[in-house]
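Next come the chains, spelled out residue by residue.
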Amino acid sequence: MPAEAASVFVAKPGLLTTVQDRGRWGSQSFGVSVSGAMDPYSHRLANVLTGNDAGAATLEVTIAGPELEFSDARIVAVTGALFDVTIDDRPIAPRSAVEVSAGSILRFGRRLRGSRAYVAISGGIETPAAFGSRATHLPSGIGGVDGRALRSGDRLPLGASARSPRPASRIPMADSNPVFTLPDGHATLRVLPGPQLDRFLPAAWDVLQSSSYRLANDSNRMGYRLAGPSLETPGRLDVISDATPLGVLQVPPSGQPILLMADRQTTGGYPKIAAVISADISVAAQLGPGDTVSFVACSTQEALAALIAQERSLMAAAARS
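Numbering of residues starts from 1 in each chain and follows the order in which that chain's sequence is written. Local features in this predicted model are restricted to residues whose pLDDT is 70 or higher, and side-chain atom pairs enter the listing and the counts only when it is 80 or higher, whereas totals over whole chains, interfaces and linings include all residues. Computation of side-chain values: all heavy atoms of the structure, hydrogens and water removed.

J.: Hey, could you run me through the pairing of strand E12 (residues 223–227) in this one?
T.: The two faces of the sheet receive side chains in turn, since in a regular strand these alternate between them. A pair of strands counts as paired when DSSP detects no fewer than two bridges linking them. Starting at the N terminus, helices and strands are each numbered in turn, a helix being any DSSP run of H or I of at least four residues and a strand any DSSP run of E of at least two. In terms of strand pairing, strand E11 (residues 212–215) meets E12 through 2 bridges, oriented antiparallel. Each bridged residue has a counterpart across the sheet, and for Arg 214 the counterpart in E12 is Ala 227. Where E12 lies against strand E15 (residues 258–260), 3 bridges are found, and the strand directions are antiparallel. Among the inter-strand pairings, Arg 225 is bridged to a residue of E15, identified as Ile 258.

J.: Teacher, can you tell me more about the environment of Leu 307 here?
T.: Structurally, Leu 307 can be placed in helix H4 (residues 300–320). Sequence separation of Leu 307 and Ile 277 is 30 residues, and the distance between their C-alpha atoms is 8.5 Å. By definition in these notes, contact holds between two residues if any of their heavy atoms fall within 4.5 Å. For Leu 307, the residues in contact, after removing those within four places along its chain, are Ser 278 and Ala 279.

J.: Looking at this structure, how should I read the sheet that holds strand E10 (residues 186–193)?
T.: Hydrogen bonds between backbone groups are what pair the strands of a sheet, and the pairing can be parallel or antiparallel. Strands sit in the order E10-E17-E14-E15-E12-E11-E18 around a closed barrel of 7 strands; the barrel is mixed. Neighbouring strand axes in the sheet, compared pairwise and without regard to direction, differ in orientation by 40 degrees on average. The pairing of E10 with strand E17 (residues 272–276) spans 3 bridges and is classified as antiparallel. The partner of Val 191 across the bridge, within E17, is Val 276. Axes here mean lines fitted to C-alpha atoms, for a helix over just the part in contact, with angles spanning 0 to 180 degrees between N-to-C directions.

J.: What is the right way to look at empty space enclosed by the protein in this model?
T.: To find the voids left in a structure, one rolls a probe of water-molecule size over its atoms. Of the two site types, the cavity is a set of points on a 1 Å grid over the protein atoms alone where a 1.4 Å probe fits but cannot get out, and the pocket is an open set with protein on both sides within 12 Å along at least five of seven lines, each lined by residues with an atom within 4 Å of a point. Grid points are joined across faces, edges and corners, and a volume is the space filled by probe spheres set on the points. Here the structure, examined in full by the defined rule, presents 2 cavities of 30 Å³ or more. The space that makes up the largest cavity amounts to roughly 60 Å³. As a working rule, the residues Ala, Val, Leu, Ile, Met, Phe, Trp, Tyr, Cys and Pro are called nonpolar, Asp, Glu, Lys and Arg charged, and the rest polar, with Gly in that last group. Classifying every residue of the lining of the largest cavity by side-chain character gives 8 nonpolar, 2 polar and 1 charged.

J.: Can you walk me through the nonpolar core in this structure?
T.: Soluble, globular proteins show a tendency: their nonpolar side chains are buried together. To qualify as a nonpolar core, a set must consist of buried Ala, Val, Leu, Ile, Met, Phe, Trp, Tyr and Cys residues joined through side-chain atoms within 4.5 Å. Note on exposure labels: buried denotes an accessible area under 20% of the residue type's maximum, exposed denotes more than 50%, and partly exposed covers the range between, all computed with a 1.4 Å probe on protein chains only. If you look at the biggest cluster of nonpolar residues, it comprises 43 residues, and the most contacted ones within it are Leu 189, Leu 208, Leu 226, Leu 259, Ile 273 and Phe 295. Top element by residues in this core is helix H1 (residues 40–50). It accounts for 5 residues. With near-sequence residues (within four places) excluded, Ile 273 lies in contact with Pro 193, Gly 194, Leu 197, Phe 200, Ala 204, Trp 205, Leu 208, Leu 231, Leu 249 and Val 251. One finds Ala 6, Ala 57, Phe 83 and Leu 156 within the second-largest nonpolar core, a separate group that totals 28 residues.

J.: I tried to follow unusual backbone geometry on my own but got confused; where do I start?
T.: Apart from glycine, the bulk of residues carry a negative phi angle, and the bulk of peptide bonds sit in the trans form. Of note, the phi angle at Asp 88 is positive, near 55 degrees, even though the residue is not glycine. Examined against the element boundaries, Asp 88 turns out to sit in the loop between strand E5 (74–87) and strand E6 (90–91). A positive phi angle, close to 55 degrees, is found at Asp 146, a residue other than glycine. Looking at where Asp 146 falls in the secondary structure, it is placed in the loop between strand E8 (105–121) and strand E9 (155–157).

Distances and angles like these do not, on their own, reveal function.
Below you can see the structure in the form of C-alpha cells.
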C-alpha cells in the first residue's frame, strides 16, 4: 500500500482518546492554548521507541483504551499508564516497541495503574495541523480529528515510517525502571513557590505541604480541581491577569486550589501559590478523578536535577532503539 494511503482504523475509540503532540507553542499571545500530551515524558518515550521525531503526534488514551486496526506494517509502542494490551490477541510488554502487520489489531484491556497511555506509530499520525500543531484542544475544537476525541469509524492518516519494521525481539525495551513511578491512587508532587505566594497567609504554604487533596470528578485536561484544606489569603484574591504556565496551582476565592494542566487557558487572574516542577508533570498527568495528591517543596537545584535525569533516560532509550 502506498505510504500516502497508510492509516490506522479506529474500531473502538475508548473513553477519551485524542491525537496529541508536544503542543501548540508560540501562539499564547493570540489566546491559543498550548495543549499537547498531558504526560510529556511518556509521549516522547513512545516516539523514541518507534523511531519518530520527538514532535510526532501520538494517541493519548485516558482510563479506557481503544481498538485499532493497521493498514500496513508498522512499529508501535505503548507507554505511560499500564494496561493489558494485546496485538492480535498476543500480550505486549509495557514500554516496548513491537512490529504490527497489515490487518493487525491492537486492543486495550484492563487498566492496571495510572490514567493515561500513549500509542506511537512509526511515521506518526498526520492529521491536519492547526497553528503548527496536531494536538487536540477539546475546549476550542482545534487539532487532531476535527478538534474532538476519536470515534468509532475514524481513519487516521500515517506518515512515512523512518524505520523499517523488524522482528519485535530485536527492538530494545525501554528502561524497566522509569524516572518516575506511576501513581496508584496517590502521588506526591514537588513544587516551587509560585509568583504570588506573598498574597497568601504565611500559614498557607505549610498547609499546602502538610495536606492531602482529592481530585474532583470534574477534573480534566484543562485542570484538576482539588478538594482539601483551604489556602487562605488576607484579602482580595484577584490579581492582574498574567501567564498561566503548565503545573501552576492557582487559588480561586473558595481557597480550593486548581492544578493547571495541558489544555489550560493562556492567562488567569487568580494568585498562584506554587508550581509543580517540570519533572513531576508526567506524574500528575497519571492521576485520575478520586485520586489524592500531596505537595512537597523542593529547591531549584533539585528540580533541575530531576529534569536532567528524565532527559538522560530518554537519551539512553534512544541509544538502545
